[in-house]
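Single-letter residue listing:
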Amino acid sequence: MISIATPTMWAVFTLFVILALAVDLLVLKSNGPHKVSTKEALIWSLAWIGLAVLFNAGLWWYLKDSGHPDADRIGLEFMTGYLVEKALAVDNIFVFLMIFTYFAVPAPSQQRVLIYGVLGAIVLRAIMIFIGAALIQQFHWILYFFGLFLLATGAKMLWAAGQEPDLEKNPVLRWITNHLPLTRQYDGEAFSVREDGIKKYTPLFVVMIMVAFTDVIFAVDSIPAIFAITTDPFIVLTSNVFAVLGLRALYFLLAGMAEKFHLLAYGLALVLMFIGVKMLIVDFYKIPVGVSLGVVAALIAAAMAFSLVFKPKEKKAGVGEEYLLKDE
């Protein structure tokens, strides 16, 4: 696979991520289970964004200092990819919020589920990125497949925007409830307990599986999207990982603002459709990275601005039913 990265750059990035995760886990452990305040979430969100900007600046400086002719382009590719992944992560977060509300997950326990979700997302996305990069290297035509897929996904998201997903019809949830022994109550942050010598899984375990499954679905959309910006596996992976690293903090920051940005799904759908078109015309016209960055930023900003101008419709009662906790 063709990449700007040297073995040293891969090693530095890996160490960077390990240290960042270690700090996050240590802080989480030292603070213990607690409800994350908006101030705390804002500070951590800014810290993760600052870390991504710092990494990109360091990468740009290293390439520039080494005399790499495309240092500026690579810096823009990273930021565009990071913005796309961060924007798609916001839609992911709103689905997480729906899952947590549906299962009435206690606020202190949400952190543990999210940290496992972040770790799983990094591993999953790394595997998918390397597979995708290898396929593109061998079969250039797969870019057209990705383009059509993103165009169709964006159109489907545009059509479904504003509709509440029905979790009771989710095939993963139905399989879990039909095949695994479950408890009806939470037991702190435990994923399983023993009742009468039988191992049973708590609702928190079900929530973790649902969060992981949701991230798989979103990864299938977001990985092809970033390959429209760059096919360098190093830039694809680093921008993805940095977008995912701040997922936990971003969730707690946006959890109370989901209703305010109710039109964001429309903006994200248009972003996916734009990127899909960009992939389909890549052999005829290559849209400059700077233009792509501007279009993506404008679509997201417009969706957020319209959300503030046009208020959401009132939801019907009953949304967020505590499926696992209700009486049989």
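Higher on the page you've got the structure.
Keep in mind the model is a prediction, meaning the values are calculated, not measured.

Definitions and cut-offs
- Residues numbered from 1 in each chain as written.
- Predicted model: local features only at pLDDT ≥ 70, side-chain atom pairs only at ≥ 80, totals over all residues.
- Heavy atoms only, no water.
- Salt bridge = Lys/Arg side-chain N within 4 Å of Asp/Glu carboxyl O.
- Helix = DSSP H or I, 4+ residues; strand = E, 2+ residues; numbered from the N terminus.
- Buried < 20%, exposed > 50% of the residue type's maximum accessible area, 1.4 Å probe, protein only.
- Patch = residues over 30% accessible without salt bridge, like charges linked within 9 Å, V, L, I, M, F, W, Y side chains within 5 Å.
- Areas by Shrake-Rupley, 256 points an atom, 1.4 Å probe, with all protein chains shown as cover.
- Expected span 1.5 Å × (residues − 1).
- Phe/Tyr/Trp six-rings, centres within 6.5 Å; stacked < 30°, edge-to-face > 60°.

K.L.:
When you look at the pattern of salt bridges in this model, what are you seeing that I'm missing?
P.N.:
Pairing of side chains with opposite charge becomes possible as their charged atoms draw close. For the structure shown, the criterion picks out four salt bridges. Between Glu 77 and Arg 73 there is a salt bridge, with the nearest N and O atoms lying 2.6 Å from each other. Within this pair, Glu 77 and its partner Arg 73 are both found in helix α3 (residues 71–102), separated by four residues, close to a single helical turn. Given the relative accessible area of 37%, Arg 73 is considered partly exposed.

K.L.:
Would you explain a nonpolar patch on the surface in this entry?
P.N.:
Nonpolar side chains collect at one region of the surface, where Val 123, Ile 127, Ile 131, Leu 135, Phe 139, Trp 141 and Phe 145 lie side by side and expose about 710 Å² of accessible area between them. Looking at which element gives the most residues to the nonpolar patch, the answer is helix α4 (residues 107–138), with four residues. Mapped onto the elements, Ile 131 comes out in helix α4. For Ile 131, a relative accessible area of 48% translates into the label partly exposed.

K.L.:
Explain helix α2 (residues 38–65) here, please?
P.N.:
Every α-helix carries 3.6 residues per turn, so stepping three or four residues along brings you back to the same face. Spanning 28 residues, α2 covers 40 Å between terminal C-alpha atoms, matching the ideal 40 Å at 1.5 Å per step. For α2, every residue scored as buried is listed here: Ala 41, Ser 45, Trp 48, Ala 52, Phe 55, Asn 56, Leu 59 and Leu 63. Where α2 ends, the next residue or the one after it, Gly 67, has phi of about 80 degrees, a positive value.

K.L.:
Sorry, what's going on with the packing of aromatic side chains here?
P.N.:
For any two aromatic rings, the description comes down to two numbers: the centre-to-centre distance and the angle of the planes. The full count for this structure, using the stated rule, is 18 aromatic pairs. Here Phe 100 and Tyr 251 contribute two aromatic rings whose centre-to-centre distance is 5.3 Å and whose plane-to-plane angle is 85 degrees, an arrangement assigned as edge-to-face. Note that Phe 100 is positioned in helix α3 and Tyr 251 in helix α9 (residues 247–254), a separation of 151 residues in sequence. By the burial criterion, Phe 100 is buried, and Tyr 251 matches it. Of the aromatic side chains, those joined through ring pairs into one cluster are Trp 10, Phe 13, Phe 16, Phe 55, Phe 78, Tyr 82, Phe 130, Phe 234 and Phe 242.

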